[in-house]
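Listed below, chain by chain, are the residues.
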Amino acid sequence: MRNTIMTLTLLAASTFAAPAFAEEFEIKMLNKGENGAMVFEPDFVKAMPGDTIKFVPADKGHNVETIKGMLPEGIEAVKTKFNDEYVLTAETEGVYGIKCSPHYGMGMIALISIGEPVNLEEAKAVKQKGKAKARFADAFAKLEGAVEAPASN
Ligand SMILES: [Cu+2]
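Procedures and definitions
- Residues numbered from 1 in each chain as written.
- Predicted model: local features only at pLDDT ≥ 70, side-chain atom pairs only at ≥ 80, totals over all residues.
- Heavy atoms only, no water.
- Donors = N, O, S within 2.8 Å, 3.2 Å for Na, K, Ca; no water.
- Tetrahedral: all angles 85-135°; square planar, octahedral: opposite > 155°, others 65-115°.
- Buried < 20%, exposed > 50% of the residue type's maximum accessible area, 1.4 Å probe, protein only.
- Pairing = 2+ DSSP bridges.
- Helix = DSSP H or I, 4+ residues; strand = E, 2+ residues; numbered from the N terminus.
- Phe/Tyr/Trp six-rings, centres within 6.5 Å; stacked < 30°, edge-to-face > 60°.
- Lys NZ or Arg CZ within 6 Å of the ring centre and 35° of its normal.

A. Looking closely at the coordination of the copper ion. For the copper ion, the protein coordination sphere consists of His-62 (ND1), Cys-100 (SG), His-103 (ND1) and Met-108 (SD), at 2.0 to 2.6 Å. Coordination geometry of the copper ion: the 4 donor atoms subtend angles of 90 to 130 degrees at the metal centre, consistent with an arrangement described as tetrahedral. Under the relative-accessibility criterion, His-103 is labelled buried at 13%.

B. Spotlight on the sheet that holds strand β5 (residues 65-66). Taken together, 4 strands build an open sheet; the order of strands is β3-β8-β7-β5 and the sheet is mixed. Of all the strands in the sheet, just β3 (44-47) and β5 have a single pairing partner and so form its edges.

C. Quick peek at the environment of Pro-117. The topology assignment puts Pro-117 in the loop between β8 (109-114) and α2 (120-125). For Pro-117 and Glu-93, which are 24 residues apart along the polypeptide, the C-alpha to C-alpha distance reads 6.5 Å.

D. Quick look at the packing of aromatic side chains. Tallied over the entire structure, the rule returns 3 aromatic pairs. Relative to Phe-55, the ring of Phe-40 lies with its centre 5.8 Å away and its plane at 85 degrees, an arrangement referred to as edge-to-face. Separated by 15 residues along the polypeptide, Phe-40 in strand β2 (residues 36-41) and Phe-55 in strand β4 (residues 52-56) bring together distant segments of the chain. Neither Phe-40 nor Phe-55 differs from the other in exposure class; each is buried. Taken together, the aromatic side chains of Phe-40, Phe-55 and Tyr-86 make up a single cluster linked through ring pairs. Lys-99 extends its terminal NZ or CZ atom over the ring of Tyr-104, reaching a point 5.1 Å from the ring centre.

Structure (structure tokens):
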């Protein structure tokens, strides 16, 4: 009896220890979200190497495509099929620009920052079109706010 209780306690401890090392973020693909029609929600995620970012096709008709010029060096472009879930395992530091292929012009974009945003200037220099322009401006402002915020706590 005593052994059984011991084992259960150890199992519980290891289960709860995992999230401290790797966080899992979830981004929903939506026809309508808090910021309007056709969105990734949230559209900005600040993660650390080792974290995972899961793109969930909550609504149909969306996909995940990396944007040219908005990837850290050495990272291969991605373009998923419609309605597929996609998990980005954050290993390489930098910013990742994501769009939904058919709804990019409607502003369906997301910005992921992993660790140090080493390619920030290159990513910001990429010309954006339609509503994607304003939504990227917002996302970059969030990123720069997060980077420059003093760690006073
Ligand atoms: Cu879409």
